[in-house]
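Here is what each chain is made of, one letter per residue.
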Amino acid sequence: MIQNDILLKHLSTVMDPELGVNIVDLGMVKNLTYNDSEITIDLALTIAECPMRNQIESEIKRKLKLIENVKEVKINVVAMNKEDRAALMSVARKNAREKAVPTQINTRTRVIAIGSGKGGVGKSTISTNLAVGLEKLGFTTGLLDADIWGFSIPRLLGIEGRLEANEEKKIIPYKKGRLEVVSTGLIAEDEDTALMWRGLMLSKALEQFLFDVAWGNLDYLVIDLPPGTGDIQMALGRLLPQTELLVITTPQPSAQKVATRVADMAKRSFIPLLGVVENMSYFETSDKNKYQIFGKGGGDKLAEKFGIPLLSKVPISETSVEESENGIPILLQEDESPTKNALQDLVTKITKVLPPVSDETCTGRLAKVLEELEADQ
Ligand code: ADP
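Rules behind the numbers
Residues numbered from 1 in each chain as written. Predicted model: local features only at pLDDT ≥ 70, side-chain atom pairs only at ≥ 80, totals over all residues. Heavy atoms only, no water. Helix = DSSP H or I, 4+ residues; strand = E, 2+ residues; numbered from the N terminus. Buried < 20%, exposed > 50% of the residue type's maximum accessible area, 1.4 Å probe, protein only. Contact = heavy atoms within 4.5 Å. Areas by Shrake-Rupley, 256 points an atom, 1.4 Å probe, with all protein chains shown as cover. Salt bridge = Lys/Arg side-chain N within 4 Å of Asp/Glu carboxyl O. Near = heavy atom within 4 Å. Polar contact = N/O pair within 3.5 Å; in protein donor to acceptor, adjacent residues only side chain to side chain. Nonpolar A, V, L, I, M, F, W, Y, C, P; charged D, E, K, R; others polar. Phe/Tyr/Trp six-rings, centres within 6.5 Å; stacked < 30°, edge-to-face > 60°. 1 Å grid on protein atoms, 1.4 Å probe; cavity = no way out; pocket = protein on both sides within 12 Å on 5 of 7 lines; lining within 4 Å. Points joined across faces, edges and corners; volume = space filled by probe spheres on them. Domains from an automatic or database assignment. Arc of directions from axis to C-beta. Pairing = 2+ DSSP bridges. Axes fitted to C-alpha atoms, helices over the stretch in contact; angles between N-to-C directions.

Now for the overall build of the protein. Looking only at helices and strands, one finds 13 helices and 14 strands in the protein. When the 377 residues of the protein are sorted by exposure, 52% land in the buried category. The long-range share in the protein, meaning contacts at least 24 apart out of those at least 6 apart in sequence, stands at 76%. For the protein, the exposed surface amounts to about 17700 Å²; the carbon and sulfur share of it is 49%.

As structure tokens, then:
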């Protein structure tokens, strides 16, 4: 038997993307029942036909299915009555007033954290190529190198120098086209400041990156997490409830085992798992023979264990490594290669699994709610 307060705790990590407040506080969760691994919810929406509805419903399902023994989630959409709408708007207004230190990340930004059980599995390589690929599709994309001590994004992108602050003392990200990059490697001035960062708790450093950076209006934010589990995932779940985790592993059983811990931790921090990427999966020769140099099965097993998709098997790249180490990410290299194709395919899949939050169709909703509210009074 799952207690209602546990269900509500999970549901309170689902945000209304327009109002920036969770659906429980907004009074959108009405009846909630749990019966034999099936949850039924009456979800009250201000305007039932709003396209945002699909997004909220799918977020609810993803979050509730994180709970053990939950197999089915049924959602009945009901229309809010006058009192409900008035209460919702007062919560939204109160929240807008009280949110003294909001993160600089728009609630509509899709946040993809990239995690791995240990270092050296290609987490930073995947993060960089994913961000670059999303940018190439025309999305404004942030790339946050949260691997505070082991930062490698500046090297992988071939950028250096120091980030400046604006008049409001917010750090201005490095910008190239629609890509915005922040990394400790672009902040620490010398060994001493680098040491100071080392003394910071990881979660505190993450807070700084989310509060004190003048991020633009991002469609996507890709976060390269430090390897392993811990503080930073907990902090992410709390600070950016829209975060989803992509787990990177290699084919060996040992790598898969440590990656399992990361995925477990994410569940406990209410972070849905977006999928698994098996990197360095195989080596493909020019005559298309595949060699599974590092063994096989790690990605499949991990995906199966958590019931999430294995989004890609990225082959080992021979030719592109040198260039990518010199600052040209594989996706931007001219030569076609199996690795480049796999990464491109991964980017496309991500935009399908986690499409950007469309706002133009729904901006009218808030106006309409306010209008109705004024008319009601
Ligand atoms: P992590 O962030 O997990 O520590 P990196 O992305 O820094 O891992 O990758 C570790 C090393 O492996 C780097 O030298 C990188 O160029 C290399 N690498 C990553 N993915 C591949 C791949 N698919 N094929 C070949 N080399 C790779």
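Our focus in this paragraph is the pattern of salt bridges. Opposite charge on two side chains allows them to pair when their charged atoms are near. As enumerated under the stated definition, the model contains twelve salt bridges in all. Arg53 is paired through a salt bridge with Glu57; the nearest N and O atoms lie 2.8 Å apart. With Arg53 and Glu57 both in helix 2 (residues 52-64), this residue pair falls four residues apart, about one helical turn. Since its relative accessible area comes to 31%, Arg53 is described here as partly exposed. A salt bridge links Arg110 to Glu59; the shortest N-O distance between them is 3.1 Å.

Once that is clear, we can look at the site of the ligand. As a structural note, the neighbourhood of the ligand is formed by 14 residues, with Gly120, Lys123, Ser124, Thr125 and Ser317 the closest of them. Between Thr125 and the ligand, the recorded distance is 2.5 Å, taken from a side-chain N or O atom to an oxygen atom. Side-chain polar atom of Asn279 to a nitrogen atom of the ligand: 3.0 Å apart, as the coordinates give it. Isolated, the ligand exposes 560 Å² of accessible area, and the fraction of that covered by the protein chains is 81%. Every element with two or more residues in the shell around the ligand is listed here: helix 4 (123-136), strand 12 (273-284), strand 14 (310-316) and helix 11 (320-325). Looking at the shell around the ligand element by element, the count peaks at three residues for helix 4. In terms of residue class, the shell around the ligand is built from five nonpolar, seven polar and two charged.

This brings us to the packing of aromatic side chains. How two aromatic rings sit relative to each other is set out by the distance from centre to centre and by the angle between their planes. Under the counting rule described, the total for this entry stands at one aromatic pair. On the basis of an interplanar angle of 70° and a centroid distance of 5.3 Å, the ring pair of Phe139 and Tyr220 is categorised as edge-to-face. One end of the pair, Phe139, is in the loop between helix 4 and strand 7 (141-145); the other, Tyr220, is in strand 10 (residues 220-224), and 81 residues separate them in sequence. Given a relative accessible area of 0%, Tyr220 falls into the buried group.

Another aspect to go through is unusual backbone geometry. Even without a glycine there, the phi angle at Asp36 is positive, about 50°. Its place among the elements puts Asp36 in the loop between strand 3 (29-35) and strand 4 (38-45). The phi angle at Asn69 is positive, at roughly 70°, despite the residue not being glycine. Of note, Asn69 is situated in the loop between helix 2 and strand 5 (72-79).

Counting through the fold element by element, Leu19 comes out in the loop between strand 1 (15-16) and strand 2 (21-22). When the C-alpha atoms of Leu19 and Val91 are compared, they prove to be 9.4 Å apart, with 72 residues separating the residues in sequence.

Counted according to the given criterion, the structure contains two cavities of 30 Å³ or more. The space that makes up the largest cavity amounts to roughly 150 Å³. Around the largest cavity, the lining comprises 16 residues; the ones closest to its centre are Met15, Gln55, Glu59, Thr107 and Gln242. In terms of residue count, the dominant contributor to the lining of the largest cavity is helix 2 (three residues). A per-class count over the lining of the largest cavity returns six nonpolar, five polar and five charged. When residues of the lining of the largest cavity are assigned to domains, at least three fall in each of domain 1 (4-100) and domain 2 (110-353).

With that settled, consider helix 10 (residues 298-306). By the burial criterion, the buried members of helix 10 are Gly298, Gly299, Leu302, Ala303 and Phe306. Considered in projection along helix 10, the buried side chains sweep an arc of 125° and stay on one side of the axis. Exposed residues pointing more than 90 degrees away from the buried face of helix 10 are listed as Glu304 and Lys305. Its buried side turned inward, helix 10 meets strand 11 (243-249), helix 9 (253-268), strand 12 and strand 14. At the C-terminal side of helix 10, Gly307 shows a positive phi close to 65°.

Moving on: the environment of Val77. With respect to the helices, strands and loops of the structure, Val77 is situated in strand 5. Residue class for Val77 comes out partly exposed when judged on its relative accessible area of 23%. Distance in space between the C-alpha atoms of Val77 and Ala44 is 5.8 Å, their sequence separation being 33 residues.

A few words on the sheet that holds strand 5. In sheet architecture, strand pairing relies on hydrogen bonds along the backbone and comes in two forms, parallel and antiparallel. An order of 3-4-5 is seen for the three strands of this open sheet, with the pairing classed as mixed. Each edge of the open sheet is held by one strand with a lone partner, namely strand 3 and strand 5. Neighbour-to-neighbour, the strand axes of this sheet turn through a mean angle of 15°, independent of strand direction. Note that strand 3 and strand 4 share five bridges and pair antiparallel. From the neighbouring strand, Tyr34 faces strand 4, where its bridge partner is Ile39. Packing of helix 1 (residues 4-11) onto the sheet brings it into contact with strand 3 and strand 4, and relative to strand 3 it is tilted by some 125°.

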